[in-house]
Amino acid sequence: MPGFELFGDKERKQVQDVMDSGVLMRYGFDGMRNGHWKAKELELALAKRMETNHAHLVSSGTAALTVALASAGVGAGDEVIMPTFTFVASFESILALGAVPILVDIDDTLTLNPVAVEKAITPKTKVVMPVHMCGSMANLDALQHLCNKHNLLLLEDACQAIGGTYKGQPLGSIGDLGCFSFDYVKTITCGEGGAVITNNEIYYQNAHKYADHGHDHIGNDRGAESHPFLGYNFRISEMNAAVGLAQLARLEEFLAIQKTNYTILREALSQIPEIVFRSVPEGGEENYSFLNFFMPTEALAQKAHKALAENGVDGCFYWYNNNWHYYKKWEHLTQLKSLGNVPQEVKAQMPDYSKADFSASDHWMGRTISCLIKLGWTEQQVKERAENMVKAIKSVV
Ligand SMILES: *Cc1c(COP(=O)(O)O)cnc(C)c1O
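Keep in mind that what you see is a predicted model, and the values were worked out from it rather than measured. (Residues numbered from 1 in each chain as written. Predicted model: local features only at pLDDT ≥ 70, side-chain atom pairs only at ≥ 80, totals over all residues. Heavy atoms only, no water.)

S.K.: Which parts of the structure should I look at to understand the environment of Leu 245?
M.R.: Position of Leu 245 relative to the elements: it lies in helix α8 (residues 238-248). Here Leu 245 falls in the buried class, since its relative accessible area comes to 9%. Considered as a pair, Leu 245 and His 217 are 28 residues apart in the sequence and their alpha carbons are 22 Å apart. (Helix = DSSP H or I, 4+ residues; strand = E, 2+ residues; numbered from the N terminus. Buried < 20%, exposed > 50% of the residue type's maximum accessible area, 1.4 Å probe, protein only.)

And the structure:
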């Protein structure tokens, strides 16, 4: 997945443009910037690549989720449905707005189970937030259908699946809003950065204002702008945007390498009858940033994970007992350990997750192993890796 592996001359040239003008901010200083508007340029390129009307860059993927929710009017007491398997940013962004994270089971796609989503809908639900984990997507037709039926918004977290598609459309562009992260370990990186994409003019207008203190961005005198509503500062810097501009231009190159490496590993593992690959919804194409598969049982998954490491295969994750990505380790969320007071609405409405039954998620996650696909491997290294993976897994089944 990581674009940082292939940082080079193209990135350096873009950053040098910014260094030469000395304008590190994305807004203003028109006279000094020698015509360089890296953030604006990257927004246009990203919107074009993702086939949406608008893209707005922000400082991180977490900021993108927060800004996307805020732009759509999500606030205190609104319920947002999110999966039990995701990155902590999902609930951080929801809680940042005083909204309530409603955890819902995943299925063999490793993303939201639409049947479980429908059961979790209440009169307070406002958004369904599928997270396209580890390179592949949720069943977006089923979720879109639910959202239409119940008048909810669909927000795609495509931070780990940039470049993947569903029925020919780029992931992130299908819902009302889509979010990307360009942090240091994502498929393409800005160092730190993120983006919101949408076809909705109002959400876009809200997003760029909200992410910059509510500035209306009318005219070219920043100090004289008015503030139609409250905002925060989630701006990206020109330096980070410059790196992203070079990286986005390399997205197809990165995806092709990921696909090649993924395919070699997958074909090798296909020889092992005990392995079942993660299910991809019909019409979906992964971005190949991870190879995900199920072992027959939880005990075998744990053994296989250990054997992989012992056979020198790094970068394979057993998320089930990982600190970051699965609800079981989110005690800070489930016990609402906050530095200050938590909004009344959150306190009153948060489900008691200590009593929740997520055994349907455990059924899949307990057996899941995800292996990161790197860009920098030589063909020889991928082939050796494939052999080592087969050897390791065969030693336990
Ligand atoms: C990385 C990531 C984020 C957050 O992105 P940051 O840029 O690190 O804030 C959100 N969701 C998912 C699924 C991610 O993988």
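Anyway, onward from the coordinates.
S.K.: How do you make sense of the state of the cysteines when you look at a structure like this?
M.R.: Disulfides are covalent bonds that link the sulfur atoms of two cysteine residues. Tallied over the full model, the rule gives one disulfide. The disulfide that involves Cys 316 links it to Cys 371, with 2.2 Å between the sulfurs. With the S-S bond torsion at 110°, the cross-link from Cys 316 to Cys 371 turns out right-handed. With a gap of 55 residues between them, Cys 316 in strand β13 (residues 316-317) and Cys 371 in strand β14 (residues 368-372) connect regions that are remote in the sequence. Judged by relative accessible area, which is 10%, Cys 316 ranks as buried. By relative accessible area, Cys 371 is classed as buried at 0%. Free of any disulfide, Cys 159 has its nearest cysteine sulfur in Cys 179, 6.4 Å distant. When its relative accessible area of 11% is taken as the criterion, Cys 159 is described as buried. Of the cysteine sulfurs around Cys 190, a residue in no disulfide, the closest is that of Cys 159, at 12 Å. Overall, the relative accessible area of 3% leaves Cys 190 in the buried class. (Disulfide = S-S within 2.5 Å.)

S.K.: What's the story with the site of the ligand in this structure? I'm lost.
M.R.: Near the ligand, the surroundings consist of 14 residues, among which Gly 61, Thr 62, Ser 181, Asp 183 and Lys 186 are the closest. Side-chain polar atom of Asp 157 to a nitrogen atom of the ligand: 2.8 Å apart, as the coordinates give it. Between the ligand and Lys 186, the relevant distance is 3.2 Å, taken from an oxygen atom to a side-chain nitrogen or oxygen of the residue. In isolation the ligand has 380 Å² of accessible area, and contact with the protein removes 93% of it. (Near = heavy atom within 4 Å. Polar contact = N/O pair within 3.5 Å; in protein donor to acceptor, adjacent residues only side chain to side chain. Areas by Shrake-Rupley, 256 points an atom, 1.4 Å probe, with all protein chains shown as cover.)

S.K.: For this particular structure, what's the right way to read the pattern of salt bridges?
M.R.: Two side chains bearing opposite charge may form a pair once their charged atoms approach each other closely. On inspection of all chains with the given rule, the structure shows 20 salt bridges. Between Lys 186 and Asp 183 there is a salt bridge, with its nearest N and O atoms 3.1 Å apart. Asp 183 carries the same exposure label as Lys 186, and that label is buried. Asp 212 is the salt-bridge partner of Arg 235, the closest N and O atoms lying 2.8 Å from each other. Of this pair, Arg 235 sits in the loop between α7 (201-210) and α8 while Asp 212 is found in the loop between α7 and α8, placing the two residues 23 residues apart along the sequence. According to the relative accessible area criterion, Asp 212 is buried, its value standing at 0%. If you follow the salt bridges from partner to partner, you end up with Glu 11, Arg 250 and Glu 253 in one network. (Salt bridge = Lys/Arg side-chain N within 4 Å of Asp/Glu carboxyl O.)

S.K.: Which parts of the structure should I look at to understand helix α10 (residues 298-310)?
M.R.: Each α-helix turn comprises 3.6 residues. Residues three or four places apart therefore point the same way. Along its 13 residues, α10 runs 19 Å from first to last C-alpha, staying within 8% of the 18 Å computed at 1.5 Å per residue. Regarding α10, the residues found buried are Leu 300, Ala 301, Ala 304, Ala 307 and Leu 308. Projected onto a plane normal to the axis of α10, the buried residues spread over an arc of 130° and lie on a single side. Away from its buried face, by an angle of more than 90 degrees, α10 presents the exposed residues Lys 303, Lys 306, Ala 309 and Glu 310. Taken together, the buried residues of α10 touch β13, β14 and α14 (379-394). Note on α10: the residue one or two positions beyond its end, Gly 312, has a positive phi of about 75°. (Expected span 1.5 Å × (residues − 1). Arc of directions from axis to C-beta. Contact = heavy atoms within 4.5 Å.)

Everything listed here is a matter of coordinates, which is why it stays silent on function.
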